[in-house]
Amino acid sequence: ALNMTKTVWRSQNWPVSIEVDGMVGQQFGQATLNEVAVAPVLRWSGFPWNHLLQTDLRVGPVGISYTTDVGPFERGIEGRGSRLLNFLLLELAFSGPQDKSREVFVRLHHRCTVYDLINTYGANGEDFLVFGYRKHF
């Protein structure tokens, strides 16, 4: 996957910012399909050990994820599903305290129906555990 992040607001008084996270990816394995996702993300950078290891928590509970096909784990009992689902991400990012422009991260990438608000096919979506590297420009 290729992930793009843009900071759209940063607090002057608190260690918090709002970002827009976009992702274009390819799934392999049980299903082969493409995915495009975008979500607003809240970044919290106020951990007390940041002088040793810069740690950021990123949370994006509401976004949009579109796939080119419906994966087998996202099909309900009747075999139907939706390519358009909610995109949720929960991430921890780590970098050196002197160079915050390069970070590694671990992310839960989740596609879901938001308790059948998006569709009622009886399947809720998928979870992906992601490990990545991010370079800030």
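An account of the accompanying structure is given in this report. The model shown is predicted, which means the values in this text are computed figures rather than measured ones.

Quick notes on the rules
Residues numbered from 1 in each chain as written. Predicted model: local features only at pLDDT ≥ 70, side-chain atom pairs only at ≥ 80, totals over all residues. Heavy atoms only, no water. Phe/Tyr/Trp six-rings, centres within 6.5 Å; stacked < 30°, edge-to-face > 60°. Lys NZ or Arg CZ within 6 Å of the ring centre and 35° of its normal. Patch = residues over 30% accessible without salt bridge, like charges linked within 9 Å, V, L, I, M, F, W, Y side chains within 5 Å. Areas by Shrake-Rupley, 256 points an atom, 1.4 Å probe, with all protein chains shown as cover. Salt bridge = Lys/Arg side-chain N within 4 Å of Asp/Glu carboxyl O. Helix = DSSP H or I, 4+ residues; strand = E, 2+ residues; numbered from the N terminus. Buried < 20%, exposed > 50% of the residue type's maximum accessible area, 1.4 Å probe, protein only.

## Considerations on the packing of aromatic side chains
Okay, step 1: This model, assessed by the stated rule, comprises 1 aromatic pair.
Okay, step 2: The lysine or arginine in question, Arg-134, covers the ring of Phe-105, its NZ or CZ lying 4.4 Å from the ring centre.
Okay, step 3: Over the ring of Phe-137 we find Lys-135, and its NZ or CZ is 5.9 Å from the ring centre.

## What about a nonpolar patch on the surface?
Okay, step 1: Residues Val-8, Trp-9, Ile-18, Val-20, Val-38, Leu-42, Ile-64, Tyr-66 and Leu-84 make up a contiguous nonpolar surface patch of roughly 780 Å² in combined accessible area.
Okay, step 2: For the nonpolar patch, the elements supplying multiple residues, two or more each, are β1 (2-10), β2 (16-27), β3 (33-44) and β5 (64-67).
Okay, step 3: Locating Val-38 in the fold gives a position in strand β3.

## Quick look at the pattern of salt bridges
Okay, step 1: With the rule as written, the count across this model stands at 13 salt bridges.
Okay, step 2: Arg-58 is paired through a salt bridge with Glu-91; the nearest N and O atoms lie 3.0 Å apart. In this pair, Arg-58 is assigned in strand β4 (residues 54-60) and Glu-91 in strand β6 (residues 84-95), connecting sequence segments 33 residues apart.
Okay, step 3: For Glu-91, a relative accessible area of 1% gives the class buried.
Okay, step 4: In the salt-bridge network here, residues are joined through shared partners; they are Glu-19, Asp-21, Arg-43, Asp-56, Arg-58, Glu-91, Glu-103, Arg-107 and Arg-134.

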